[in-house]
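Below, each chain spelled out in residue letters.
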Amino acid sequence: MAVIVPDVWNPTLIYFLVVFALYAVWTKWTASSSSKNRKLPPSPFQFPLLGSLPFLGSLPHEAFSRWAKKLGKIYSCRLGGKTVIVLNDADMIREALAQPVLSGRPHMYTAEVTAKGHGISFASDDTWSIHRRFAFKTFRALGVGQGKIEELIQEEAEKMAGSIASLNGEKFCNNNIIRTSVGSVIAGVLFGERFDFDDPSTHAFFDKMNAVFRFFGPCGVLNIFPVLRFIPAIAANFKKVIEALEGAAKFIDSIIKDRDDCLDTRTVSDYTDAFLNARNKEKELYGKPKLFTDQQYVGAARELFLTGYDTTTSTLRWAFLHIGKNAEAQAKIQQEVDEVVGSGRLPNYADAKAMPFTSAAIYETQRLASIAPLSIPHRAIQDTELSGYFIPKDAWVFTNMWYVHHDESKWQDADAFRPERFLSADGKELVLPNDFIPYSIGKRSCPGETLAKMALFLIFTTILQRFKLTVENPEGVDMSPVNGITLDTKEYLLTAVPRN
Ligand code: HEM
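Residues numbered from 1 in each chain as written. Predicted model: local features only at pLDDT ≥ 70, side-chain atom pairs only at ≥ 80, totals over all residues.

The name given to the chain in an unreviewed UniProt entry is Cytochrome P450, with Ramazzottius varieornatus as the source organism. The heading Cofactor (unreviewed entry) in the UniProt record of the chain holds the text "heme". (UniProt positions renumbered as here; feature names shortened; annotations may be inferred.)

Spelled out as structure tokens, the structure:
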């Protein structure tokens, strides 16, 4: 039998030897890493280069939730070159977000190009911590949670009721009406401006902003493979988004220009006044603003406006959809409104304490809709450990709110609208389950939570005080969400019949 003796200078053999040597080094390295307990959480199937990306589909939270069922409270996957850790349990999320090293934000291409390090959500270091604290402090000082902002929301809720009444029972899509009112509440707090429902430019503006919200998403291809920005079709879409955001920035920039002229004579009545006062103090102290620059004002105000109006609008749209389909729940809310508020005055925020079913219906909407299904991604600032697993520096950390809020082992008949889940056995007390975290927790939790809660309660109750709502085709209406930064409803039609 002939024996084939390899030619030692054969380039193929050299290639294989090099690959083998690299493989041996790699296995040794991973073995020594795991001996230090550097074990990543388990993963679903991954393709080379793309990782789990091809499985995500148009609603990534659904794929992440399928894997959660198989792999448990924590798993990892790769999206392109990024290592992603996915947390699927409220206690695990609490444990993770208690670690300051997990409060970073990923370097995402779309966020970096649009926010340029300004704002709060994707800012880091002092810019983030000082402006986050400033937003909390300013919202409190302006009266969020109290009378002054309450009046602003009541006025807008009443205007919204007026717009609905003027339809005289005709079917309507509530998108324009809700976003104008909610947009006016948030713009009122930030800039002292309101939107005019009858002005066509209002709707043109919101349509553009809506396109922005539908374009972005943590798993969007541009964030995973920024190089795709050179593909003409993707570049053209992204350009439209940037133009829309620049339009919003121009509008906000014009607000400070006008405000600068009359700042001395004003008492602080919105976020803009408070910001410009802080800027002027820095000018006095250091000769020029350090953290309270005009660019940061535009970045932060634009972001607070967009996140604030979009999240609250989508939540209300889900709330009216559920309530328009569930006549029984609607009747219980109206009974509470009639008993606690009556018909002679507007609901106020203090009424919420005496209206547990109404509050429970809002919470149940938030659970089912989970409008921020993967929250905003976090990033490990350094190597760390979680639940015995290694979390490498720069890993993206997704908190899978969708799964936490739909986990069948925690929520019986998770897909059913059942406000009673949030009530004590006698139905008299509101109960907040451990597994309900719509505003997230920890150092990055939502600074707009109190403002959102007020707006949701006051607008929802004012409309249900005045109208009986019915959704067209209640059994057939499409309840699947439209994806984006947040999950919105598909279009649906409501009929509102005055209650008196
Ligand atoms: C129903 C309404 C809302 C929901 C469900 C919601 C939910 C959330 C969630 C889940 C996060 C991510 C937290 C994390 O990364 O761990 C967040 C962050 C944030 N939210 Fe909200 N939000 C709402 C309304 C608002 C409003 C009204 C504002 C402001 C006017 C606002 C401003 C922000 C900002 C600036 C952040 C980033 C915080 C940071 O990075 O430090 N949100 N929100």
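Read on, since the account is not over.
Ala301, Ala455 and Ile459 are the most contacted members of the largest nonpolar core, which totals 120 residues. Counting residues per element, this core draws most heavily on helix H12 (residues 294–325), which supplies 14 residues. Excluding anything up to four places from it in sequence, Ala301 contacts Leu190, Phe191, Ile252, Tyr271 and Thr272. (Core = buried A, V, L, I, M, F, W, Y, C linked by C-beta atoms within 7 Å. Buried ≥ 20, exposed ≤ 12 C-beta atoms within 10 Å, placed from the backbone. Helix = DSSP H or I, 4+ residues; strand = E, 2+ residues; numbered from the N terminus. Contact = placed C-beta atoms within 7 Å.)

Here, UniProt's "binding site: heme" (unreviewed entry) annotation points to Cys446. Looking at where Cys446 falls in the secondary structure, it is placed in the loop between helix H15 (401–406) and helix H16 (449–466). Judged by C-beta crowding, with 19 C-beta atoms within 10 Å, Cys446 ranks as partly exposed. Not counting residues within four places of it along the chain, the set of residues in contact with Cys446 comprises Tyr439 and Ser440.

Mapping Thr495 onto the fold places it in strand S8 (residues 494–498). Each C-alpha atom of the pair Thr495 and Val471 lies 6.5 Å from the other, and the pair is 24 residues apart in sequence. Setting aside chain neighbours within four positions, we find Thr495 in contact with Gly169, Lys171 and Thr470.

Near the ligand, the surroundings consist of 24 residues, among which Gly308, Ser440, Cys446, Gly448 and Ala452 are the closest. For the shell around the ligand, the elements supplying multiple residues, two or more each, are H12 and H16. Top element by residues in the shell around the ligand is H12. It accounts for 6 residues. (Near = placed C-beta within 6 Å.)

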